[in-house]
Amino acid sequence: MGEIIYGQILEQILADNYGEGDKLPSEAELSLAFEVSRPVIREALMRLQADGLVQARRGIGTFVSHRPSSRLPELVSANELSGYLRTFEPRIVLEAEAARLAAGRRTNTQLKLMRDTIEALRAAILAGNLGTEEDIAFHETIAEATGNDYFPSLLNDLRRPVVSTMAIGLELARERSPARRLRVVEEHGKVYDAVVAQDGECAAAYMRHHLYQARAAVTDVHHLERETFNTPDSLLDDAEGSVHHPGEKLTRTGRP
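Parameters at a glance
- Residues numbered from 1 in each chain as written.
- Predicted model: local features only at pLDDT ≥ 70, side-chain atom pairs only at ≥ 80, totals over all residues.
- Heavy atoms only, no water.
- Helix = DSSP H or I, 4+ residues; strand = E, 2+ residues; numbered from the N terminus.
- Expected span 1.5 Å × (residues − 1).
- Buried < 20%, exposed > 50% of the residue type's maximum accessible area, 1.4 Å probe, protein only.
- Core = buried A, V, L, I, M, F, W, Y, C linked by side-chain atoms within 4.5 Å.
- Contact = heavy atoms within 4.5 Å.
- Axes fitted to C-alpha atoms, helices over the stretch in contact; angles between N-to-C directions.
- Parallel < 35°, antiparallel > 145°, perpendicular 65-115°, else oblique.
- Left-handed = near helix turned anticlockwise from the far one by under 90°.

A. Representation of helix H1 (residues 2–14). Over its 13 residues, H1 runs 18 Å from end to end, which matches the ideal 18 Å to within 8%, given 1.5 Å per residue. For H1, the set of buried residues is Gly-2, Ile-5, Tyr-6, Gly-7, Ile-9, Leu-10, Ile-13 and Leu-14. Looking one or two places after H1, you find Asp-16, whose phi comes out positive at around 65°.

Below is the structure:
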């Protein structure tokens, strides 16, 4: 029942009945409107918050934090979206650790494969294609570079919803300029550079940031129009900077 209410609230947000920053009705009001119990409403709101769509402010109420593209219903139902977005939680844990381990264990052959997948994704985007297979190939290569078969196996278990979610994000970005869409290539490049530099903590931080950005690409219609790539200091500690092209060695200061 919570998934149904999740979908109905999301549909109202997509219909622009509630815009970014707008306050949603209270749990009691939503309970009456949807004719369900307050625990069901609470479950739906908690899932919307976990997906980055709303924000609860203690003692004040729940507010819309991001509004997805109006094209989203063309690509996925509201109920399916909830399931797809939930895959990001295990992915962030799994793939950040995979990137950290890959930085210390990768082989030269695996580095070449990573670079090849990045360039293949760049070419796919510039050609106007989605690049879904090229995108997942990079993540699979990182998992394989851990030297632990459980990482690619676990990622493979999530492959269907992961690929579906990637396709949604890349499709929503298709209407933007190639320069905007190439941000995902830049994010892959930052993870790659940290792996080349054998900086495990930096590689993990960049991977986490990349996955948060991937989720935002689905949930936030303005995602690609916001400020240019800039990883928060809180994620990288002193590993700041910008590395735009894979192959330039990254240091803890972010300077090649």
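B. Quick look at the nonpolar core. Counting residues in each nonpolar core, the largest one holds 60 residues, and the members touching the most others are Ile-9 and Ile-142. It is helix H6 (residues 88–105) that contributes the most residues to this core, eight residues altogether. Sequence-distant contacts of Ile-142, that is, excluding residues within four places in its chain, are made with Ala-98, Ala-99, Ala-102, Met-114, Val-191, Val-195 and Met-207. In this structure, Ile-136, Leu-158, Val-162 and Val-163 belong to the second largest nonpolar core, which totals five residues.

C. Molecular detail of the packing of H6 against helix H13 (residues 200–219). Look at H6 against H13: their axes get within 7 Å of each other, and the N-to-C directions meet at 150°. Relative to H13, the element H6 is oriented roughly antiparallel. Of the two possible hands of crossing, H6 and H13 adopt the one that is right-handed. From H6, Phe-88, Arg-91, Ile-92, Glu-95, Ala-96, Ala-99, Arg-100 and Ala-103 reach across to H13, where they touch Gly-200, Glu-201, Ala-203, Ala-204, Met-207, Arg-208, Leu-211, Tyr-212, Ala-214 and Arg-215.

Note that every value here comes from positions in space, so none of it alone points to a role or purpose.
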